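Each chain is listed here by its residues.
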Amino acid sequence: MMDKNKILKKMKEYPAVVGFIGISIFFAILSDRFFTLSNIINVFRQVSIQAIMAFGMTMVIISGGIDLSVGSTFALSAVIMASVLKGGSVFLGILVALVVGALMGFANGFIIAKGRIQPFIVTLATMAIGRSLTLVYTQGMPITGLPSSFRVIGRGNLLGIPYPIIIMLGTFILIWFILSNTKLGLYTYAIGGNETAAKLSGVKVIKYKIIIYIISGVLSALSAMLLTARLNSAQPTFGSGYELDAIAAVVLGGASLSGGRGSVIGTIFGALIMGVINNGLNLLNVSPFYQQAVKGAVILIAVLLERED
Amino acid sequence: MLLKLENITKKFPGVLALDHVNFELNNGEVHALLGENGAGKSTLIKIIGGVHKADEGKIYYEGKIVSFSNPSEAINNGIATIHQELNLFEELTVAENIYIGNIKKAFINKKQMIKEAQNLLSKNEFNIKAESLVKELNISEKQLVAIAKALSLKSKIIIMDEPTASITEHETQTLFKIVKELKNKGIGIIFISHRMEEVFDIADKVTVLRDGKYIGSGYVKDFDQNELINMMVGRKIDDMFPKYNSIENETIFSIENLKIGKMVKNVSFEVKKGEIFGIAGLVGSGKSEIPLGIYGYMPAKWDRMIIENEEIKKIRRPNEALNYGIALVPEDRKSMGLILELDIMKNIIIQNTDLIEKAGVLFWSKAKKIAKAEIKKYSIKATSINQKAENLSGGNQQKVVISKVLKKNPKVVFLVEPTRGIDVGAKVEVYNIINRLANDGNGIVFISSELPEIVSLCDRVLVMHRGKNMGILEGEKITQENILKLATGVDI
């Protein structure tokens, strides 16, 4: 048994968990449909796409950076993947998507680390470029009619658990392991905490920053794959605004935008909080016009509560 | 009596920061506040300056009981604090910095403001232009700006928190001249410093705190240095500068014609096994850049560098320097040495991941053992290996930096200002570590602005002036006077 103090300490460490439980209880009381297995699976499946992107964003933000280009990377990898898929090979399509994500991430990381330019500016630019490339590539038209063997990824399930949830949990475990048990993870915290000290300690800061942005790009492509498979099409407008959802999940999870602090456990619950709010408000028939305002209010309340004096 | 504190007590969660402390300050008096880190000096000046509120006790200011609820109330009543970090706006002008807290109008007449500021500066013989940007000034000029700001507010008490910690000997003398003039104007000055000789130089009275308790106070002339040290540390430190290294005949490190941009020009030196080699010089002389260049942090060139018979052509990054056996304890432990958000264990491991790593995966159980052993080895005072570095005292932070740097078993160790801002007890521990390190056959390069420690600790001393090597002093020639002469460009 954990004693009371330990539980309190854990609660302080992961305020997003507390927030998630609180909001869930709130909706469970107001709607009897909320706390059903099918609805819970529904929430997790809806959240999986944002959550996977947010895991990559977690690493970027802990390292003291930001990646605004994830939404554009999402769209670009989705449309290129879809066109390769139409050519036949599912494996090749997925591979190409991940490579596109990795290239976008590499470009971000390389310019940020080698060129020593602020991540906000660099990824703002690559966000615009990525979106433009997507529109040029598709001429603004959606790509539809994908092979059914690919659509399974978005719609199939294993023992009743949809594949997107399984892929999200797999990614979660991977990023959690990287952050807590690998050199890359330790260096991510170190670079975000104090880049000069990290460099003087012999950390190859440029290399690790590039790796971190590549991971963010690849995870954007991975979540693009899930949405494309689920909708059976790739739209050039995919992913707009997703970067803000990802950042919001990371911040709700307790990370600091100035770097050095954050956890992927916090992030998954940050994403779940946003998912539960969407879902709960839908169940309560609240007009979708209000949903953004509620999300915004929750973010403000969360950061106010987490503020350190 | 200008200020009188009676039985001031202040508790923070888990610590009794001040325990019935008394303090008195008269007009025109410089009162030194002495104590090791954690003794309660900062808490006391924060209570005087309105940052904290005392839990118990009374404050009399000009005869009346006062209780300031925030810093601006204290400032408006004539109590100014000049913090170590100075808190100036780098991108604004000197004039704007002086008047920023005191602007009553919505629109500012910049010309008028600059004129007023210039008057104030000239009246006090501060040689600064009111229209310069603060970022263009050096640290001691910035200090003058902070003092001018205090004067513009007609302050009656000026609190100076370690004003000499980051300025040179020469600048310190200039500062002391100004302090004396403030004194003549009747201003009461509370002066915090770690440097004993400065207390004797400038202070009229002294109050010593230890572990939050009032130990004693009186006229400086009634004490000698050892008495004050004993009051501060509560135990006898017979020898402030232990020295017991023995030099071997073998050279472990040598460099010829080191060049670092415009900062360092053709500097050559060599270090023997077991030797403590000092580098002295004023701020901006290039002494701090030498280790950064050799270590691969700043772009540097040299004709020949040899570490234990191996010639090294180029070092592009710190990780290469580490592989060659070069270690650096950097100048500022907070901004260069530690990741403050991380715990002690991770700070030690960050430079030593190879000890606990297999294919990129870290085995924390090994790290725990290492960190526990290091805490013991360097007697780092901490609640556990998982205490965050930011919550350690200055001396213990420095020991964590030293631990992580030495864990690699380097051959030559550069230490830059390793005792800056740490208490007397911790300083002695650092000197002992350096001696032991030398006796293990390492070469030590000791770079410091504190002349007493350079003189007492080093076997030879290279003195820098404007990027040039002015000469290497040896034996009896190593004196504060000789170093100062060379450092200011005077031949001896």
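Definitions and limits used
Residues numbered from 1 in each chain as written. Chains lettered and ligands numbered in written order. Predicted model: local features only at pLDDT ≥ 70, side-chain atom pairs only at ≥ 80, totals over all residues. Helix = DSSP H or I, 4+ residues; strand = E, 2+ residues; numbered from the N terminus. Buried ≥ 20, exposed ≤ 12 C-beta atoms within 10 Å, placed from the backbone. Contact = placed C-beta atoms within 7 Å. Rg over C-alpha atoms; globule rule 2.2 N^0.38 Å. Domains from an automatic or database assignment. Nonpolar A, V, L, I, M, F, W, Y, C, P; charged D, E, K, R; others polar. Pairing = 2+ DSSP bridges. Axes fitted to C-alpha atoms, helices over the stretch in contact; angles between N-to-C directions. Core = buried A, V, L, I, M, F, W, Y, C linked by C-beta atoms within 7 Å. Right-handed = clockwise from strand over helix to strand, strands pointing away. Parallel < 35°, antiparallel > 145°, perpendicular 65-115°, else oblique. Left-handed = near helix turned anticlockwise from the far one by under 90°.

(A) Highlighting the overall build of chain B. The helix and strand tally for chain B stands at 17 helices and 22 strands. Seen along its three principal axes, the alpha-carbon backbone of chain B occupies a region of about 70 × 50 × 50 Å. Every one of the 492 residues in chain B was classed for burial, and the buried ones make up 48%. Relative to all contacts within chain B whose residues are 6 or more apart in sequence, the contacts with residues 24 or more apart total 68%.

(B) Representation of the overall build of chain A in the model. When you go through chain A residue by residue, the secondary structure sums to 14 helices and four strands. Against the globule reference of 19 Å for 309 residues, chain A gives a C-alpha radius of gyration of 19 Å, in line with a compact fold. In terms of overall dimensions, chain A has a C-alpha envelope of 60 × 55 × 35 Å along the principal axes. The buried share of chain A, reckoned over its 309 residues, is 50%. A sequence separation of at least 24 residues applies to 78% of the contacts in chain A between residues at least 6 apart.

(C) Just the domain arrangement of chain B, in detail. Residues and elements named next belong to chain B. Assigned domains within chain B: domain 1 (3-233) and domain 2 (251-325 + 410-487). On a C-alpha basis, the centres of domain 1 and domain 2 stand 34 Å from each other. With eleven residues of domain 1 at the interface, the matching set in domain 2 holds eleven residues. The element that contributes the greatest number of residues to the side of domain 1 that touches domain 2 is helix α8 (residues 225-233), accounting for three residues. Classifying every residue of the side of domain 1 that touches domain 2 by side-chain character gives four nonpolar, four polar and three charged.

(D) Expanded view of helix α1 (residues 41-48) of chain B. Residue and element names in this part refer to chain B. With seven of eight residues buried, α1 is to be regarded as a mostly interior element. The set of residues buried in α1 consists of Lys-41, Ser-42, Thr-43, Leu-44, Ile-45, Ile-47 and Ile-48. Looking at the residues trailing α1, positive phi occurs at Gly-50, about 85°.

(E) A look at the interface of chain A and chain B. The partner chain B presents 24 residues to the 19 residues of chain A that form the contact. Counting only elements with at least two residues in the side of chain A that touches chain B, the list comes to α9 (183-193) and α10 (195-200) of chain A. At six residues, α9(A) tops the list of elements feeding residues into the side of chain A that touches chain B. Grouping the amino acids of the side of chain A that touches chain B by side-chain chemistry returns seven nonpolar, eight polar and four charged.

(F) Geometry of the sheet that holds strand β11 (residues 251-260) of chain B. All names here are of chain B. An order of β12-β11-β14-β15 is seen for the four strands of this open sheet, with the pairing classed as antiparallel. Two strands lie at the open edges of the sheet, namely β12 (264-272) and β15 (310-311), each paired on one side alone. Examined bridge by bridge, strand β14 (residues 304-307) and β15 share two bridges and lie antiparallel to one another. Within the sheet, the bridge partner assigned to Ile-306 lies in β15 and is Glu-311.

(G) Structural view of the sheet that holds strand β22 (residues 468-474) of chain B. Residues and elements named next belong to chain B. If you trace the six strands from one edge of the open sheet to the other, you get β16-β19-β20-β13-β21-β22, paired in mixed fashion. Sheet topology places β16 (326-329) and β22 at the edges, where each strand pairs with a single neighbour. With strand direction ignored, the average angle separating the axes of adjacent strands in the sheet is 20°. Of the strand pairs in this sheet, strand β13 (residues 276-281) and strand β20 (residues 443-447) are connected by four bridges, and their pairing is parallel. Directly across from Ile-276, in β20, lies its bridge partner Ile-444. The strands touched by helix α17 (residues 480-487) within the sheet are β13, β21 (460-465) and β22, with β21 carrying the most contacts at an inclination of about 30°.

(H) Spatial organisation of the pairing of strand β10 (residues 213-219) of chain B. Sheet topology places strand β9 (residues 205-210) of chain B next to β10(B); six bridges connect them, and they run antiparallel. From the neighbouring strand, Thr207(B) faces β10(B), where its bridge partner is Ser217(B).

(I) Broad picture of the nonpolar core. Counting residues in hydrophobic clusters, the biggest one holds 174 residues, and the most contacted among them are Ala78(A), Ala190(A), Phe414(B), Ile434(B), Phe446(B) and Val463(B). For this core, the element with the most residues is helix α11 (residues 205-231) of chain A, which contributes 17 residues. Ignoring any residue separated from it by four or fewer positions in sequence, one finds Ala190(A) in contact with Ala198(A), Val203(A), Ile339(B), Leu342(B) and Ile350(B). Grouped together as the second largest cluster of nonpolar side chains are 68 residues, Ile48(B), Ile98(B), Ala146(B) and Leu228(B) included.

(J) Broad picture of the pairing of strand β19 (residues 412-416) of chain B. All names here are of chain B. Along β19, five of the five residues are buried, which leaves the element largely enclosed by surrounding structure. Residues Val-412, Phe-414 and Val-416 of β19 are buried on one face, and the alternating residues Val-413 and Leu-415, pointing to the opposite face, are buried as well. Relative to β19, β16 is paired through four bridges, and the arrangement is parallel. When the bridges of β19 are listed, Leu-328 appears paired with Phe-414. Two strands pair when backbone bridges link them, and β19 and β20 are joined in this way by five bridges, in the parallel orientation. From the neighbouring strand, Val-413 faces β20, where its bridge partner is Ile-444. Each parallel crossover has a hand, and for β19 linked through helix α15 (residues 424-439) to β20 it is right-handed.

(K) Region of interest: the packing of helix α2 (residues 15-30) of chain A against helix α13 (residues 264-283) of chain A. Residues and elements named next belong to chain A. Where α2 meets α13, the axes come as close as 8 Å, and the angle between the chain directions of the two elements is 15°. With respect to α13, the axis of α2 lies roughly parallel. Of the two elements, α2 crosses α13, and the hand of that crossing is left-handed. On α13, the residues touching Ala-16, Val-17, Gly-19, Phe-20, Ile-23, Ser-24 and Phe-27 of α2 are Gly-266, Phe-269, Gly-270, Leu-272, Ile-273, Val-276, Ile-277, Gly-280 and Leu-283.

(L) Seen up close, unusual backbone geometry. The backbone of Arg116(A) shows a phi angle near 50°, a positive value even though the residue is not glycine. Overall, Arg116(A) belongs to the exposed group, with 8 C-beta atoms counted inside 10 Å. One non-glycine residue, Glu308(B), lies in the positive phi region at around 45°. Along the chain, Glu308(B) falls in the loop between β14 and β15.

(M) Seen up close, the environment of Leu227(A). All names here are of chain A. Checked against the element boundaries, Leu-227 lands in helix α11. Separated by 59 residues in the primary sequence, Leu-227 and Val-286 place their C-alpha atoms 25 Å from one another. Leaving out residues up to four positions away in the same chain, Leu-227 has contacts with Ile-49, Ala-78 and Phe-238.

(N) Representation of the environment of Leu415(B). All names here are of chain B. Position of Leu-415 relative to the elements: it lies in strand β19. By the C-beta count within 10 Å, which is 26 here, Leu-415 ends up buried. Considering only alpha carbons, one finds Leu-415 and Ala-327, 88 residues apart in sequence, at a separation of 8.4 Å. Each residue touching Leu-415, except ones within four places of it in the same chain, is listed here: Val-329, Ile-434, Phe-446 and Ile-447.

(O) The arrangement of the packing of helix α4 (residues 70-86) of chain A against α11(A) in detail. All names here are of chain A. As a packed pair, α4 and α11 sit with axes 8 Å apart at the nearest point and diverge in direction by 55°. Looking at the two axes, α4 sits oblique to α11. Every pair of crossing elements has a handedness; the one defined by α4 and α11 is right-handed. In this structure, α4 uses Val-70, Thr-73, Phe-74, Ser-77, Ala-78, Met-81 and Ala-82 to contact α11, whose residues at the interface are Ser-216, Gly-217, Ser-220, Ala-221, Ser-223, Ala-224, Met-225, Leu-227 and Thr-228. The residue makeup of the contact of α4 with α11, split by class, is nine nonpolar, seven polar and no charged.

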